[in-house]
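What follows is the residue order along each chain.
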Amino acid sequence: MLFRSESMNFTITGSDPLIFRDGRPFGDPGHVHGGALRWPWPSTLSGLIRTRIGEQRAKNYFTVPDKQKNIEAVRRIHCTCLPLWRKAFDQAWQPVFPAPADAFCFQKKDQHTNDLNIIPYTYQPADETGGTDLNLAHWMLPVREVNTKPAKNTPDLWFKEAFFHWLEHGKSANRLCRADTLGLSWPRLELRIHTAISPDTGTADHGRLFSSQGIRLESGSMAEEPGYFAIGIQAADLEDNDHLEGSCHLGGERRVAQICQIQPFLPSCPDWLDNKQYLRLILASPGKFEGWVPDWLMPDETGKFKTHPQSGVEMRLRSAHLERWQALSGWDFDNKCPKALSKLVPAGSVYIIELKESNQSRLLAENLWGKSLNDDPDGFGLTFIGNISL
């Protein structure tokens, strides 16, 4: 058995709306749309990749008596997922990134345009801003310099240029900018109404209607650039004979999607992360940590430095900027039952870390950039690193 020395990169696209749900039971009271999502979870995409690889290796790959051995083999495939976008079919795919949680977008009361004011949060010691019930040593709280409501209809996804400038400089290139030059919204949901089919007659069951919401992989609302989305996937630890290209079924109602191989889309680690005492870790995919931060980075009352498992670099968490948790569930095909609910840290969340030795910032960056913060094989917790001055 020979393994590929390099990862392979693919896009998933679909001409029909693709249906993704959060795992909550369909049809619960007050929950008639099936918990529609505007982007699939990383576990949904890694499940597609592993299933397709297994079925390509052998038709009975998941049904043979020793199927557990095969299941463990495909589980070793690591996936990394990121939204991709392009303006026209003849252009190359470009990654887009969830908006950083520490970027505050607002509009002034006397403002006569729809442009966004973008400012970063600052971080101050907890005892100077009212304290916190975390009771953690050296903890800092995110504070913004203006007391106003956030702007509506801000981009959910930032273009690469805007995101990288934010990582390097800790602020936007221009404090005032148009939303369509900053980024895009998640793909819009498309609602469809269906009629239930009677199992007895095979015809429409009068009065029994239900709806489904799927995402059409296109952009182009009133305030953003028209274009096309794709789901970008990087798969590692594939065997030499593994191939993924072609049509597949993805999401609810087994909608048809297409998988195509492309050039690598993940940006390489930049050269401006040397000798940094403080860094920002920004999640580009939701974090699945069994809590609000990975166990290895969990702060304590003493402010002790913790060790990153892969690089050995010592650091401690100084602050965090997280949005409301997201619910993840699904179906366990091994045990034929629903999976337990997991609480995810949303994409775009920010962790502020302090390194014990600033000369190890490059080593840490090389081990974390474009990788999972907790080494999750499904691609949860995809991390990018930025500068910050405290």
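Above this note sits the structure.
Not measured: the values here are computed from a predicted model.

Draft legend 1. Looking closely at the overall build of the chain. What the chain contains, in helices and strands, is five helices and 26 strands. Compactness check: the chain gives a C-alpha radius of gyration of 22 Å against a globular reference of 21 Å for 390 residues, within 12% of the reference. Reported as C-alpha extents along the three principal axes, the dimensions of the chain are approximately 70 × 55 × 45 Å. Here the chain holds 390 residues, and the buried ones make up 47% of them. Split by element, the accessible area of the chain, about 20200 Å² in all, is 49% carbon and sulfur. Both charge centroids of the chain, one from 43 positive and one from 47 negative side chains, sit 3 Å from each other.

Draft legend 2. Examining the sheet that holds strand S9 (residues 176-177) more closely. Read from one edge to the other, the open sheet built from three strands follows the order S4-S5-S9, with strand pairing classed as antiparallel. Since the sheet does not close on itself, it has two edges, and those belong to strand S4 (103-106) and S9, each with one partner. Pairing analysis gives two bridges linking strand S5 (residues 116-120) to S9, with the strands arranged antiparallel. In the strand pairing of S9, Leu116 is matched with Cys177.

Draft legend 3. Examining the layout of surface pockets more closely. Each pocket or cavity is described by its volume, and for the largest pocket that value is around 2000 Å³. At the level of secondary structure, the elements contributing two or more residues to the lining of the largest pocket comprise helix H1 (42-57), helix H2 (67-75), strand S15 (246-250) and strand S21 (331-332). It is H1 that contributes the most residues to the lining of the largest pocket, nine residues altogether. Its residues assigned to classes, the lining of the largest pocket shows 19 nonpolar, 13 polar and 15 charged.

Draft legend 4. A look at unusual backbone geometry. For Asp237, which is not glycine, the phi torsion reads 65° and is therefore positive. Relative to the helices and strands, Asp237 is located in the loop between strand S14 (227-236) and S15. Residue classification places Asp237 among the partly exposed positions, given a relative accessible area of 40%. Residue Glu290 is not a glycine yet carries a positive backbone phi of 60°. Position of Glu290 among the secondary structure elements: in the loop between strand S17 (278-283) and strand S18 (306-307). The class for Glu290 is exposed, based on a relative accessible area of 70%.

Draft legend 5. Structural detail: the pattern of salt bridges. Counted by the stated rule, this structure contains 13 salt bridges. Across the pair Arg50 and Asp378 runs a salt bridge whose closest N-O atoms are separated by 2.6 Å. Pair noted here: Arg50 is in helix H1 and Asp378 is in the loop between strand S25 (371-372) and strand S26 (382-387), with a separation of 328 residues, a long-range link. Judged by relative accessible area, Arg50 falls into the buried class, the value being 11%. Linked by salt bridges that have partners in common, Arg57, Glu239 and Asp242 make up one network.

The rules behind these values
- Residues numbered from 1 in each chain as written.
- Predicted model: local features only at pLDDT ≥ 70, side-chain atom pairs only at ≥ 80, totals over all residues.
- Heavy atoms only, no water.
- Helix = DSSP H or I, 4+ residues; strand = E, 2+ residues; numbered from the N terminus.
- Rg over C-alpha atoms; globule rule 2.2 N^0.38 Å.
- Buried < 20%, exposed > 50% of the residue type's maximum accessible area, 1.4 Å probe, protein only.
- Areas by Shrake-Rupley, 256 points an atom, 1.4 Å probe, with all protein chains shown as cover.
- Lys, Arg positive; Asp, Glu negative; His and termini not counted.
- Charge placed at Lys NZ, Arg CZ, Asp CG, Glu CD.
- Pairing = 2+ DSSP bridges.
- 1 Å grid on protein atoms, 1.4 Å probe; cavity = no way out; pocket = protein on both sides within 12 Å on 5 of 7 lines; lining within 4 Å.
- Points joined across faces, edges and corners; volume = space filled by probe spheres on them.
- Nonpolar A, V, L, I, M, F, W, Y, C, P; charged D, E, K, R; others polar.
- Salt bridge = Lys/Arg side-chain N within 4 Å of Asp/Glu carboxyl O.

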